[in-house]
Number of protein chains: 4
Amino acid sequence: MGMARTTVRARRDADRAGADAGAAERRKQILTEAGRLFAKQGFEGTSMREIAAATGLLSGSLYYHFASKEELFVAVYEANIRAVGEAVEGAIEGIDDPWECFEAAAIAHCEALLTGEKTSILDAKFPPVLAQVRSQLIRARDEHERLFDRLIAPLDLAADIDRVLFRLHVLGALNSAILWYKPSSRLTPADVARHVIKVLRYARQGAATAEVR
Amino acid sequence: MGMARTTVRARRDADRAGADAGAAERRKQILTEAGRLFAKQGFEGTSMREIAAATGLLSGSLYYHFASKEELFVAVYEANIRAVGEAVEGAIEGIDDPWECFEAAAIAHCEALLTGEKTSILDAKFPPVLAQVRSQLIRARDEHERLFDRLIAPLDLAADIDRVLFRLHVLGALNSAILWYKPSSRLTPADVARHVIKVLRYARQGAATAEVR
Amino acid sequence: MGMARTTVRARRDADRAGADAGAAERRKQILTEAGRLFAKQGFEGTSMREIAAATGLLSGSLYYHFASKEELFVAVYEANIRAVGEAVEGAIEGIDDPWECFEAAAIAHCEALLTGEKTSILDAKFPPVLAQVRSQLIRARDEHERLFDRLIAPLDLAADIDRVLFRLHVLGALNSAILWYKPSSRLTPADVARHVIKVLRYARQGAATAEVR
Amino acid sequence: MGMARTTVRARRDADRAGADAGAAERRKQILTEAGRLFAKQGFEGTSMREIAAATGLLSGSLYYHFASKEELFVAVYEANIRAVGEAVEGAIEGIDDPWECFEAAAIAHCEALLTGEKTSILDAKFPPVLAQVRSQLIRARDEHERLFDRLIAPLDLAADIDRVLFRLHVLGALNSAILWYKPSSRLTPADVARHVIKVLRYARQGAATAEVR
DNA sequence: AATGAATGAGACTTCATTCAT
DNA sequence: TATGAATGAAGTCTCATTCAT
């Protein structure tokens with residue numbers, strides 16, 4: 001009891017550089033640990049007790065910061081989406097050529113997804129337990145996907161390609177890497193992304209596909 | 001009590017109208033209902049009691065047919081994969097042109113996935129609860145994917161395309177439709193599949209993508 | 001584990017006189033124990049674990065018989081009301097004189113209420129936790145009170161007395177004994193009831209109260 | 001942090017406009033809100049957090065004013081009893097006729113009970129959680145009931161009526177209104193009280209009930 | 001006087017599973 | 001083959017309370 005509290009406080013004192021800190025910091029810790037666990041074990045496979053323990057808390061204490069497991073999941077999910085979004089935005093900064101830009105975004109997206117355990121929940125076909133918060137999750141995801149829409153717009157795609165289906169195609173291909181990618185492989189996440197884009201790049205205007213069918 | 005059982009058996013015998021099995025038939029019923037429920041609610045979101053009720057049984061009775069929930073899930077999964085595989089094989093029968101064949105397979109795969117609730121578990125990034133049977137599930141999936149390898153082999157893809165990554169790309173793009181496809185949409189599953197293939201078809205040998213990068 | 005089960009079965013075997021018995025009996029046991037505990041400790045003060053333990057079960061097992069604590073409470077409440085109702089009906093059988101009949105009913109009601117721990121939940125101003133099932137509880141109570149309406153109807157009460165308020169008055173006076181009555185007292189429940197009726201009996205037609213006010 | 005506190009204090013000082021206390025005032029606020037909530041939701045149905053929030057405090061802060069939830073309840077209860085007592089004493093002031101006086105008291109008691117949510121805890125058959133403080137609660141109630149004893153003493157009741165049982169009878173009949181009274185009804189609390197007294201008034205000395213039984 | 005963060009016990013409930021019948 | 005009754009572990013969440021600041 002006394003020990004646990006001491007431990008926590010000690011850690012916090014060490015962490016903060018004279019700033020005010022406090023609850024916000026603890027929230028971040030929880031978000032980190034929960035993200036890691038949700039990614040590894042899924043929503044239903046992760047217990048609040050586990051998350052609490054990983055943060056150095058007792059299970060009841062989580063509820064001071066998040067009103068429910070669902071709310072916590074939503075927060076984790078949004079944070080993850082935001083992180084990937086920021087990574088992508090950072091990666092494309094200053095790149096002019098549309099295809100180069102597109103590829104850089106794909107690489108950043110893929111790396112954020114496959115590197116670090118915390119973000120692999122992104123692909124989740126949300127379990128029905130999350131039905132109540134589904135709309136929030138989808139809104140967050142949509143926002144991220146609109147980023148890709150903006151990158152796809154300036155591409156000189158062949159005229160018969162639907163840009164919405166194209167966006168779904170890219171993201172589907174990229175995200176599915178989560179299902180099979182193993183960090184131990186000789187392939188980097190960037191390699192995976194680059195190959196996806198390489199394939200798609202053939203579908204530019206003026207490309208010779210006329211005779212088919 | 002003894003009487004009650006007799007009554008029940010008598011009624012069932014009457015229902016069966018000279019049919020063969022009994023146990024095997026019941027197994028199939030369970031598989032069907034379990035498949036429907038797993039697809040709709042996920043593995044963890046579906047209870048054995050629910051499955052039993054849907055089959056007209058009590059929860060304990062399931063264990064006569066399947067030793068555990070996991071074993072039942074594996075059976076459902078294998079049956080689903082097999083069904084999709086058969087649909088695909090049926091669809092490509094008699095088609096000679098490699099790309100035509102490829103497209104027909106994609107359409108069949110997509111239709112099996114998006115039509116009928118029973119197969120949408122295919123995309124599942126298996127919950128960690130299933131870790132013990134993971135290898136069986138993956139083996140089943142691999143078998144299905146090798147079918148696609150055979151269809152991809154004869155395609156005249158551009159030389160710089162890796163056929164394994166290409167297969168993962170296709171299936172990723174197709175399977176991801178599960179995350180967004182709504183039957184109410186004006187798009188048919190076949191439309192989705194056709195668009196995926198249309199995009200990929202540009203990546204044939206001799207296609208003009210030379211100047212890129 | 002083995003022991004617990006054996007104990008339970010042994011008890012059941014002893015209880016049933018060759019009849020079919022089974023779940024119905026267990027239901028009754030639970031009702032009895034739950035009634036006793038609810039009466040002594042209130043709804044919120046009684047845990048399902050306690051009730052289960054008192055019945056020789058584990059807490060989860062209760063849910064085979066009752067879907068929720070609320071449902072269990074309703075069942076207990078209805079059983080209690082019914083028991084009081086039957087006691088009252090038995091007591092008035094064959095009595096012709098209206099006031100005699102009324103008194104006999106009051107005595108029976110009071111005895112059922114104060115004797116045996118199980119029925120003293122009757123007075124409960126239901127805790128708000130029970131809001132969802134409140135209507136069921138009230139319906140049960142109303143039915144019992146209508147029995148009293150039938151007994152009050154033939155009384156030759158003074159003309160200025162409202163029979164509905166009169167019924168509420170009687171039952172209020174009788175039921176309130178729960179708040180103060182102690183079995184150790186030299187007063188029997190019947191004495192209490194008799195005194196209530198004695199006071200009310202003065203309010204008959206033709207009674208001399210004219211000059212007041 | 002230090003700053004935040006200063007801000008808060010400054011604001012409060014401004015609000016207080018030269019008033020006296022601070023703590024005593026706060027205590028009263030808490031008592032009011034707690035009373036309202038206990039009345040509406042019961043002791044167990046009301047959380048300290050709720051009470052704190054209603055008072056504009058955080059849950060921890062309550063413990064500066066009250067050592068425990070039980071102590072707070074006792075304080076509320078005593079305050080309520082005292083309020084009802086004072087209302088009754090005020091109502092009977094200057095009335096000479098014993099029955100008039102008795103009726104005035106009943107009306108005041110009933111109005112205090114049914115009007116204003118704060119006093120309806122009076123009827124509470126205290127939940128067993130309150131066992132530790134039960135004696136204090138009962139002492140407070142007894143004091144109030146002794147007030148009624150003083151009003152009943154001078155009544156010219158029929159000789160066979162026990163004055164203690166009579167007091168319990170009156171209060172039982174009056175208090176039970178809490179279980180069924182609805183403010184929306186066409187009946188005022190005073191009507192209810194008046195009817196109770198009207199019925200009892202018949203039981204005066206010399207009333208003609210001789211022939212019964 | 002009050003805050004905020006944490007405690008830790010305990011509540012209800014669900015669920016896969018077992019096993020005698 | 002199927003039933004019904006029970007198991008027991010685990011899960012989410014609530015709550016009174018504490019205490020350093």
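Worth saying up front: this structure is predicted, and the values here are computed from it rather than measured.

(A) Quick look at the overall build of chain A. Helix and strand counts for chain A come out as 10 helices and zero strands. Helices and strands in chain A line up, N terminus first, as α-α-α-α-α-α-α-α-α-α. Scored against the burial criterion, the 213 residues of chain A give a buried share of 50%.

(B) Main features of the packing of helix H5 (residues 69–92) of chain D against helix H6 (residues 98–114) of chain D. Residues and elements named next belong to chain D. At a minimum axis distance of 8 Å, the contact between H5 and H6 shows a crossing angle of 145 degrees. The way H5 lies across H6 gives a crossing that is right-handed. Note on element contacts: H6 touches H5 through Cys101, Ala104, Ala105, Ala108, His109 and Ala112, opposite Val84, Ala87, Val88, Ala91 and Ile92. By residue class, the composition of the contact of H5 with H6 is 10 nonpolar, one polar and no charged.

(C) The protein's contact with DNA strand E, seen in detail. Every one of the 41 residues lining DNA strand E counts as a neighbour, but Ser61(A), Tyr64(A), His65(A), Leu58(D) and His65(D) are closest to it. Looking at DNA strand E alone, sugar and phosphate atoms form 68% of those within 4 Å of the protein. In the model, a phosphate oxygen of DNA strand E is placed 2.6 Å from a nitrogen or oxygen of the Ser61(A) side chain. Arg26(D) is positioned such that a nitrogen or oxygen atom in its side chain is 2.8 Å from a phosphate oxygen of DNA strand E. Of all the secondary-structure elements, those providing two or more residues to the surface near DNA strand E are helix H2 (23–41) and helix H4 (59–65) of chain A, helix H3 (48–55) and helix H5 (69–92) of chain B, helix H3 (48–55) and helix H5 (69–92) of chain C together with helix H2 (23–41) and helix H4 (62–65) of chain D.

(D) Inspection of the packing of aromatic side chains at higher detail. Residue and element names in this part refer to chain A. Counted by the stated rule, this structure contains 28 aromatic pairs over all chains. One aromatic cluster is present, formed by Phe38, Phe43, Phe73 and Tyr77 through successive ring pairs. When the ring centre of phenylalanine 43 is taken as reference, the NZ or CZ atom of lysine 69 above it lies at 4.5 Å.

(E) Structural view of the protein's contact with DNA strand F. Within the structure, DNA strand F sits among 40 residues, and Leu58(B), Arg26(C), Ser61(C), Tyr64(C) and His65(C) are positioned closest to it. In DNA strand F, atoms within 4 Å of the protein come from the sugar-phosphate backbone in 65% of cases. For DNA strand F, a phosphate oxygen lies 3.0 Å from a polar atom in the side chain of Arg26(B). Ser61(C) has a polar side-chain atom sitting 2.5 Å from a phosphate oxygen of DNA strand F. The element that contributes the greatest number of residues to the surface near DNA strand F is H4(A), accounting for three residues. For the surface near DNA strand F, a count of residues per class yields 13 nonpolar, 17 polar and 10 charged.

(F) Structural detail: the UniProt feature "domain: HTH tetR-type" (unreviewed entry) in chain A. Here the UniProt-annotated "domain: HTH tetR-type" (unreviewed entry) positions come out as residues 24–84 of chain A. The annotated region residues 24–84 of chain A carries 80% helix and 0% strand content, and the separation between its end C-alpha atoms amounts to 21 Å.

(G) Seen up close, the domain arrangement of chain A. Residue and element names in this part refer to chain A. Under the domain assignment, chain A is made up of domain 1 (1–66) and domain 2 (68–213). Opposite the 15 residues of domain 1 that make contact, domain 2 presents 15 residues. Summed over both sides, the interface between domain 1 and domain 2 buries roughly 1,400 Å², with carbon and sulfur atoms accounting for 77% of that surface. The largest per-residue losses of area from domain 1 upon contact with domain 2 belong to Phe38, Phe43 and Phe66, which jointly make up 43% of the total buried on that side. Inspection of the region where domain 1 meets domain 2 yields three residue pairs in polar contact (both at pLDDT 80 or more). Breaking the side of domain 1 that touches domain 2 down by element, the ones donating at least two residues are H2 and helix H3 (48–55). The element that contributes the greatest number of residues to the side of domain 1 that touches domain 2 is H2, accounting for eight residues.

(H) Quick peek at the pattern of salt bridges. All names here are of chain A. All told, the structure shown has 20 salt bridges over all chains when counted by the stated rule. A salt bridge links glutamate 103 to arginine 201; the shortest N-O distance between them is 3.2 Å. Separated by 98 residues along the polypeptide, glutamate 103 in helix H6 (residues 98–114) and arginine 201 in helix H10 (residues 189–201) bring together distant segments of the chain. Relative accessible area serves as the criterion here: at 5%, glutamate 103 is assigned to the buried category. A relative accessible area of 7% means that arginine 201 is categorised as buried. Three or more residues are tied together by salt bridges with common partners; here these are Glu145, Asp149 and Arg167.

(I) Local environment of the state of the cysteines. All names here are of chain D. Per the stated rule, a full pass over the model turns up zero disulfides over all chains. You can see cysteine 110 has no disulfide; the closest cysteine sulfur is in cysteine 101, sitting 16 Å from it. Exposure remark for cysteine 110: the relative accessible area of 0% places this residue in the buried category.

(J) Structural detail: helix H10 (residues 189–201) of chain D. Over its 13 residues, H10(D) extends 18 Å from the first C-alpha to the last, a length consistent with the 18 Å expected when each residue adds 1.5 Å. The buried fraction of H10(D) is high, at 10 of 13 residues. Here H10(D) has its buried residues at Pro189(D), Ala190(D), Val192(D), Ala193(D), His195(D), Val196(D), Ile197(D), Val199(D), Leu200(D) and Arg201(D). The inward-facing, buried residues of H10(D) abut helix H8 (163–175) and helix H10 (189–201) of chain C together with H6, helix H8 (163–175) and helix H9 (177–180) of chain D.

The rules we used
Residues numbered from 1 in each chain as written. Chains lettered and ligands numbered in written order. Predicted model: local features only at pLDDT ≥ 70, side-chain atom pairs only at ≥ 80, totals over all residues. Heavy atoms only, no water. Helix = DSSP H or I, 4+ residues; strand = E, 2+ residues; numbered from the N terminus. Buried < 20%, exposed > 50% of the residue type's maximum accessible area, 1.4 Å probe, protein only. Axes fitted to C-alpha atoms, helices over the stretch in contact; angles between N-to-C directions. Left-handed = near helix turned anticlockwise from the far one by under 90°. Contact = heavy atoms within 4.5 Å. Nonpolar A, V, L, I, M, F, W, Y, C, P; charged D, E, K, R; others polar. Near = heavy atom within 4 Å. Polar contact = N/O pair within 3.5 Å; in protein donor to acceptor, adjacent residues only side chain to side chain. Phe/Tyr/Trp six-rings, centres within 6.5 Å; stacked < 30°, edge-to-face > 60°. Lys NZ or Arg CZ within 6 Å of the ring centre and 35° of its normal. UniProt positions renumbered as here; feature names shortened; annotations may be inferred. Domains from an automatic or database assignment. Buried area = accessible area lost by both parts, 1.4 Å probe. Salt bridge = Lys/Arg side-chain N within 4 Å of Asp/Glu carboxyl O. Disulfide = S-S within 2.5 Å. Expected span 1.5 Å × (residues − 1).

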